[in-house]
Amino acid sequence: MASKPDETRDGVPLTNLDQPLFDGAGATKRDLVDYLDAVHERMLPELRERPLSVIRVRPGQDPFMQKNVPKYTPEWVRTETVWAEASKREVSYAVCDDRKTLLWFGNQRAVEYHPTLFRLDRPDRVTQLVLDLDPPEGEETFDLAVKGALLVRQALTDCGLAGAVKTSGAKGVHVFVPIDDTTSIEEAAAATRAIAARAERIDPALATTAFVKEDRHGKVFVDSTRAGGATVVAAYSPRIRPGATVSFPVGWDNLAQVSPRDFTLHTAPGLLADGDPWADQLPAPQTLPAELIEEGHTIPIARVQAMHEGKRRARARRQAEEKG
């Protein structure tokens, strides 16, 4: 027999609200649900019409990513079947179009929200380029991610483009570049690689596009691999990180003055007041310059290159061991 819910919102029974959310969160499940409810009008535009992956965390278990909806998903949760090229199978995704669905996910202890870069009405087009600035390991490296993001901004400006920036909610920074639907997924991926390469060329002592960690040598990784069927954590999404941080929009001029820890389940709603800084900062969709796409087509796809390099290094190690 199901336990009685603590409360019901928008027809969604909410249970065990006073349980801790996860180790180090400094927050309860109630805090998560209250936060999602407080920001739903700002967060839903990032989720609507997009297949959604979430990261859930159950008591006493490690976090896990959920793509396929569970069998007990209510019939009123919209689901769409999408072919996943990477895993060569069909995935039944939830689509979070409304407050009720978001509250249901919160009750499922879904902390992180990772929508696709495409909308269901145009699965052959992404709506934005994403560059992920990933700083090197260390306690206080966020300032390096900020400097890397400013290189990306310069690279964008140099080719007549503009982007918006947000904290990832972890240790890095995301730059979003909204684009129109005139370019294919492959062209958008090529343009993303070209922007990363141009950012690296502006300051190669600071930034690198090396996909293999051991080749980065303490530099900021300008990750251009968020393309095609990839997902990226949504603006305003919480993260499973100490203090229950949130991926939060930051104005370019303020980026150097903030820390990821400034934005949490507890602080973010108050910082927003009645505003929606992400909607305000996102430029209108832009047309990608042809020369940017052409340059990107000359740059190897990082994951593929890294896979071949990994195999080459493994062979070299085996050969060295055999000789030794």
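The numbers attached to residues start from 1 for each chain and follow its sequence in the written order. Note on the predicted model: pLDDT of at least 70 is required for a residue's local features to be given, and 80 or more for side-chain atom pairs to be given and counted; whole-chain, interface and lining totals, by contrast, use all residues. Side-chain metrics rest on all non-hydrogen atoms present in the structure, leaving aside hydrogens and water.

- Per an unreviewed UniProt entry, the protein goes by ATP-dependent DNA ligase and derives from Kribbella sancticallisti.

1. Description of the overall build of the protein
Part 1: Assigned secondary structure in the protein consists of 8 helices and 12 strands.
Part 2: Computation of the radius of gyration draws on C-alpha atoms, with the globule rule given as 2.2 Å multiplied by the number of residues to the power 0.38. By the compact-globule yardstick of 20 Å for 324 residues, the protein fits well, its C-alpha radius of gyration being 21 Å.
Part 3: Dimensions of the protein along its principal axes, counting C-alpha atoms only, are 65 × 55 × 40 Å.
Part 4: Residue contacts are defined here by distance: any two heavy atoms, one from each residue, within 4.5 Å place the two residues in contact. Nonlocal contacts in the protein, meaning residues at least 24 apart in sequence, comprise 71% of its contacts between residues at least 6 apart.
Part 5: Here, Shrake-Rupley sampling with a 1.4 Å probe gives the accessible areas, and only protein chains in the shown set may cover a residue. With an accessible surface of roughly 15500 Å², the protein has 50% of that area assigned to carbon and sulfur atoms.
Part 6: Of the side-chain charges in the protein, 42 are positive and 48 negative, and the distance between the mean point of each set is 5 Å. Strands here mean DSSP runs of E at least two residues long; helices mean DSSP runs of H or I at least four residues long; both are numbered from the N terminus. Charged residues are defined here as Lys and Arg on the positive side and Asp and Glu on the negative side; His and the ends of the chain fall outside this count. Throughout, a charge is located at the NZ atom of Lys, the CZ atom of Arg, the CG atom of Asp or the CD atom of Glu.

2. Some points on the packing of aromatic side chains
Part 1: Only Phe, Tyr and Trp rings take part, Trp by its six-membered ring, and two of them pair if their centres are within 6.5 Å. Stacked means planes under 30 degrees apart, edge-to-face means over 60, and tilted covers everything else. Counted under the stated rule, the structure contains 6 aromatic pairs.
Part 2: For the ring pair Phe105 and Tyr113, a centre distance of 6.1 Å and an interplane angle of 90° mean the geometry is edge-to-face.
Part 3: The rule is simple: take the accessible area with a 1.4 Å probe, protein chains only, and divide by the maximum for that residue type; under 20% is buried, over 50% is exposed, in between is partly exposed. Of the residues examined, Phe105 reaches a relative accessible area of 2% and is grouped as buried.
Part 4: Under the relative-accessibility criterion, Tyr113 is labelled buried at 0%.

3. Here we look at helix H2 (residues 99–107)
Part 1: Within H2, 7 of the 9 residues are buried, which leaves it mostly tucked inside the rest of the structure.
Part 2: Where H2 terminates, the next one or two residues include Arg109, which has phi positive at roughly 60°.

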